[in-house]
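Letter by letter, the chains look like this.
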Amino acid sequence: MAKNLSFSYSKMGMYKECPQKYKFRYVHMLPEQPKYYFAFGSAMHAVMEFIFDPARPTFPSLQEALQFFDVTWSKTTFEQKGYASAEKELAGYAEGRQIIESYYAKNASSFVHPLSVEMKSTLDIDGLSLISILDRMDYLGGGKIKILDYKTGKTVQREPDQLYMYQKVVENSPTILKLVQTKDPAVKEVRVEQLSFYHLPTLQEMTFDRAPDKEIFAFWQKVLTIADNIRAGHFDPTPGESQCRWCDYRNLCPVFTGKEYTGPSGYGAKITPPAPAVKEMPSTQEVLSEKIDRYGSLVEELRRLENEIITLMRENKFERHFGKQYKAELERIEKTTFSDKTKVVDLLRNLKLLAKVLVPTQSTVTALLSDPTVSADAKEKLKALAKTCEDFSLHIEKAD
Ligand code: SF4
């Protein structure tokens, strides 16, 4: 018996975009270059999986979700993620944290456990092994399911094929039926009631009703036709400005090289990325604006990280802690403040110390307390007007 063809929504999308590209990717098995938007999307999906893991009885706090994101994010370098620079990766990191914080602010009070998260399903049907990863499924009772798909791109739009594919998989999968029966043993059939795209950057949800059977049937005929074309080896390129511009296989493609690709295949094979498109030189103002924004976002991010490190070290009573390359030391500082400026000025006048400070500020008055020329009695009187509190200063340096 012929082996089922391994298929998925993304494979279908690539074949529709360009059959030759599909051939490079899935017949020659040449991996594409890493893309930062995929790395960002998968980190955000991992966080949502962490938050809503049905196996965990309680939901993680915002701090725990942020820590999980930090650990996930730091597993790969900016190059492995596909970012052009460490600064761009840092901007992605800051965006991810901001999304998680906003998501908690909007939704934490109404978190509910789903039926499943990031469920990988393989459905053998009509000669295909259909692989889908369902971001989230909610059980609505009576065998009815809501499917939710997280989106992390700039915009979100209805992608009918993706919705159809999910509906086809969920309503035909024995694994999903079994999962529903763990909640509701009387259920004989699973039915998709709602499908949603949840756009994480804007926290907006687009919800669609179940597609009519007629549309699913027409969609499925399209899938089977594509599968037949793949089996028959129909991989003619369909070049076009939008798909070829960003295609990693341009340097190998017969449209650009004039000959069929006969090079190495398999996951170890190397491909040379196409030369980047020539960009126009930005103006001085654009360069400056970009640098100011980059600097501002780095400073904000540094402050946020510093506060988090100080909080974690204080909570755990650490004075020193090590990263893989850096060490952090926490210095406790006693801070003296004078809140009643009038009383301080009167006292300094009476003590004939006003001339010493020139301008009485918090720091110049505090300096008098350690000035050897100021009498012990005057220091005591000044201390009586002072309040002390503790502050912490963080020092980070390369570990030895
Ligand atoms: S360069 Fe264009 S025609 Fe060639 S594989 Fe890529 S998308 Fe297809």
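Residues numbered from 1 in each chain as written. Predicted model: local features only at pLDDT ≥ 70, side-chain atom pairs only at ≥ 80, totals over all residues.

Here we look at the overall build of the chain
Looking only at helices and strands, one finds 16 helices and nine strands in the chain. Judged by the C-alpha coordinates and their principal axes, the chain covers about 100 × 60 × 40 Å. Burial statistics for the chain: of 400 residues in total, 19% are counted as buried. Long-range pairs, those at least 24 residues apart, make up 68% of the contacts in the chain with a sequence separation of at least 6. (Helix = DSSP H or I, 4+ residues; strand = E, 2+ residues; numbered from the N terminus. Buried ≥ 20, exposed ≤ 12 C-beta atoms within 10 Å, placed from the backbone. Contact = placed C-beta atoms within 7 Å.)

Details of unusual backbone geometry
Within the chain, glutamate 118 stands out as a residue other than glycine whose phi angle is a positive 45°. Examined against the element boundaries, glutamate 118 turns out to sit in strand β2 (residues 116-125). Taking the number of C-beta atoms within 10 Å as the measure of exposure, glutamate 118 has 16 and is therefore partly exposed. Not every positive phi belongs to a glycine, and aspartate 126 is a case in point at roughly 50°. Along the chain, aspartate 126 turns up in the loop between β2 and β3 (128-141).

Looking at the site of the ligand
All residues adjacent to the ligand are Cys18, Gln20, Lys21, Pro237, Pro239, Gln243, Cys244, Cys247, Tyr249, Arg250, Cys253 and Val255. The residue makeup of the shell around the ligand, split by class, is eight nonpolar, two polar and two charged. (Near = placed C-beta within 6 Å. Nonpolar A, V, L, I, M, F, W, Y, C, P; charged D, E, K, R; others polar.)

Description of the domain arrangement of the chain
Domain assignment breaks the chain into domain 1 (1-279), domain 2 (284-312) and domain 3 (326-398). Residue-level contacts link four residues of domain 1 with four residues of domain 2. Residues of the side of domain 1 that touches domain 2, tallied by class, amount to three nonpolar, no polar and one charged. (Domains from an automatic or database assignment.)

Details of helix α6 (residues 86-107)
Quick reminder: α-helices carry 3.6 residues per turn. Residues three or four places apart thus point the same way. With 22 residues, α6 should reach 32 Å at 1.5 Å per residue; the first-to-last C-alpha distance of 31 Å fits that figure. Looking only at α6, the buried set comprises Glu89, Tyr93, Gly96, Arg97 and Ile100. Across the axial projection of α6, the buried residues extend over an arc of 90°, all falling on one side. Exposed positions of α6 whose direction lies more than 90 degrees from the buried face are Ala105 and Lys106. Check the buried side of α6 and you find it contacts α3 (36-52), α4 (62-73) and α5 (78-81). (Expected span 1.5 Å × (residues − 1). Arc of directions from axis to C-beta.)

Let's talk about the environment of tyrosine 15
Turning to its location among the elements, tyrosine 15 is positioned in helix α1 (residues 9-17). Under the C-beta neighbour-count criterion, tyrosine 15 is labelled buried, with 23 such atoms within 10 Å. As a C-alpha pair, tyrosine 15 and glutamine 221 span 206 residues in sequence and 15 Å in three-dimensional space. Beyond its immediate sequence surroundings of up to four residues, tyrosine 15 is in contact with Tyr22, Ile226 and Ile230.

Quick notes on the packing of α3 against α4
Running from N to C, α3 and α4 point in directions that differ by 140°, and their axes come no closer than 10 Å. Classified by the angle between their axes, α3 and α4 sit oblique to one another. Handedness of the crossing formed by α3 with α4: right-handed. Residues Ala43, Ala46, Val47, Phe50 and Ile51 of α3 pack against Ala65, Phe68, Phe69, Thr72 and Trp73 of α4. (Axes fitted to C-alpha atoms, helices over the stretch in contact; angles between N-to-C directions. Parallel < 35°, antiparallel > 145°, perpendicular 65-115°, else oblique. Left-handed = near helix turned anticlockwise from the far one by under 90°.)

Things to note about the sheet that holds strand β9 (residues 386-398)
Taking strand neighbours across the sheet as the criterion, the three strands line up as β7-β8-β9 in an open arrangement whose pairing is antiparallel. If you trace the sheet from one side to the other, it starts and ends with β7 (320-322) and β9, each paired once. Between one strand and the next, the sheet's axes are offset by a mean angle of 25°, whatever the strand orientation. As paired strands, strand β8 (residues 326-338) and β9 are joined by 13 bridges and run antiparallel to one another. Each residue of the ladder has a partner; that of threonine 337, found in β9, is lysine 387. (Pairing = 2+ DSSP bridges.)

Notes on the nonpolar core
Val47, Ile145, Ile147, Tyr166 and Val170 are the most contacted members of the largest nonpolar core, which has 43 residues in total. Here this core takes eight residues from α3, the largest share from any one element. Leaving out residues up to four positions away in the same chain, valine 170 has contacts with Ile145, Ile147, Ile176, Val190 and Val192. In this structure, Phe24, Leu30, Tyr249 and Cys253 belong to the second largest nonpolar core, which totals six residues. (Core = buried A, V, L, I, M, F, W, Y, C linked by C-beta atoms within 7 Å.)

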